Amino acid sequence: MPHDSTRDASYARQLQAAAQALERADAARAVESLAALRRAYPDDPEVLRLTAIWSDLRGRHDDALQAMRAALASRPRDALYYNTFATVLANAGHTDDAISALRAAGEIDPGLSTTWYNLGVLLYRAVRPDDAIAALQRALAIDPNHTAARTQLAMALRDGGRSHEAEHEYRAVLEREPASGAAWQGLSDLKTVALTRADVEAMRHVLRTPELSANDQVEIHFALAKALDDTGAYAESLAALAAGKRVLQRNAPWQRARFSAMVSHVLEVCTRPFGPAPARTQGREVVFIVGIPRSGTTLVEQILASHPDVNGSGELQDLRAVIDAASRELGKPFPGFAPGATPEDWERMGAEYLRRTRRWRQGAPMFTDKFTGNWLFVGAIMAMLPAARVVCCRRDPVETCFACYRQYRNQPDYTNTFDDLAGFWSDYDRAVKQWRRLYPDRVYEHSYEGLLQDTEASVARLLQFCGLPWAPACVRFFENARPVRSPSANQVREPLRPVFRAARYGRLLDPLRAALAAAANGTRSAPVDDERP
């Protein structure tokens, strides 16, 4: 067939247009460009790859996987294709297969730093910090200037308890990029490393940079707040937090009323137990740990993971993935499908969750799932996995909400104002009360303050609820060197000690106390400037 330069030029233009539309998240242009490409070149591997990316972005994971498998059939030795395939697999919940795809890419082209970086990220998410560190170090050996890889390496080192090595990597990033908010934020999260006066001045200098991105502004404000808190400059620390919160609230406001209405809908639908599933013993392998972040969930997991019969898995996305898949299959989003779901539906969902999480039962008969937001889905958990246990963590609401306020979370979030925090805490409170009433034998409230008051008795009650025999190692949880992916990673490696940070701020936190009181009474707090102390 003669070479068709016109065809080649048109093909290249259309591919470029589609790729640019995907990069810009321009849905209309992406649909138009990909439709034209598929009509003209239906079997072209690059067209199939872009189609897979588009399907993946829309949550159509089966379509994305089908397209990528077809693309790889044409290009079985293309490392970049395996990288895309790994992304699609990971987003579909097939983490182990995604890791295998990236290892295949590494064998095809060992010199591609992107492969080792992506592999490191996935291994980190799979709570395999030692493997993640090795992959990320390989990416940096290929490209020492790969800032994202160095930042991710620092995170993995932190989670592995190697704080001083993590500090070295964060500071290496800052030497090249003094305005890296991710590096400043990560450095401030190293509880065993104190930021210096020079660090404070460096952050203040960077914050005066006009072209600083919104993300970097927020992260550096949070890091500055941590450094000021460490020196007892509480009003200045709160002011730095408020400055970061204003940027977050402007870019991603939290829809408090909508979220509360959604919680109410879930609780109205789940007023009685569903099922039970035919297999009443299904789920005895898992303990779900739920709660508001900073309420002691990581500490509870560390205690349980110190038991010889329990693996601590960290924050798993599998429950939500199973519920989302059921929503598509049954034609209604949760909780809409719940009243009409059959016992067989629930059993199938539970079996799928256990299939997806089976790697966490290697070496121990039980595992923990510490995705804090699963408190919304306890009704579904009890129908899917009727023998599972759910531990709901409680801590003083002012301490919990203030700790959340101080924690950086770059997303549309309830932690940006005191009113939003109080509303979220109230939603959690009423949900836990309902789950305890409906499932008194399967849902347990764990008190952080109770653990401080009498550690051994509190741990004994927790183990008894989980059906576990006494194990002294659970009281000495801080000796457990397991990897921990959480801002509390360093804290749970230390003996238990009281932390009452809110008390240090005194009346500066009166707006938060007022918001919590109003939320408890079902009203909104009086208008106060909770962002400007």
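About the criteria used
Residues numbered from 1 in each chain as written. Predicted model: local features only at pLDDT ≥ 70, side-chain atom pairs only at ≥ 80, totals over all residues. Heavy atoms only, no water. Helix = DSSP H or I, 4+ residues; strand = E, 2+ residues; numbered from the N terminus. Contact = heavy atoms within 4.5 Å. Pairing = 2+ DSSP bridges. Axes fitted to C-alpha atoms, helices over the stretch in contact; angles between N-to-C directions. Buried < 20%, exposed > 50% of the residue type's maximum accessible area, 1.4 Å probe, protein only.

This brings us to the environment of alanine 182. The residue alanine 182 is located in helix 11 (residues 181-188) in this model. Distance from alanine 182 to glutamate 219, taken between C-alpha atoms, is 6.4 Å for residues 37 residues apart in sequence. In this structure, alanine 182 is in contact with Thr151, Tyr170, Asp216 and Glu219, ignoring residues within four places of it in sequence.

Moving on, we come to the sheet that holds strand 3 (residues 366-369). Spatially, the five strands line up as an open sheet ordered 2-3-1-4-5, and their pairing is parallel. Each edge of the open sheet carries a strand with a single partner, namely strand 2 (310-312) and strand 5 (443-447). Going from strand to strand, the sheet's axes swing by 25° on average, the running direction of each strand aside. As judged from the three bridges shared by strand 1 (residues 286-290) and strand 3, these two strands associate in the parallel manner. Residue pairing across strands places valine 287 opposite threonine 368, the latter belonging to strand 3. Sheet strands touched by helix 16 (residues 297-305): strand 1, strand 2, strand 3, strand 4 (389-394) and strand 5. Its angle to strand 1, the strand with the most contacts, is close to 160°.

Okay, unusual backbone geometry next. Residues phenylalanine 334 and proline 335 are joined by a peptide bond in cis, for which omega reads 10°. In this fold, proline 335 is placed in the loop between helix 17 (318-330) and helix 18 (343-356). For arginine 294, which is not glycine, the phi torsion reads 75° and is therefore positive. Examined against the element boundaries, arginine 294 turns out to sit in the loop between strand 1 and helix 16.

We now examine the pairing of strand 1. The buried fraction of strand 1 amounts to five of the five residues, a majority that puts the element mostly inside the structure. With burial as the criterion, each face of strand 1 is covered, one bearing Val286, Phe288 and Val290 and the other bearing Val287 and Ile289. Pairing of strand 1 with strand 4, which is carried by four bridges, proceeds in the parallel orientation. Looking across to strand 4, one finds that isoleucine 289 is bridged to valine 391.

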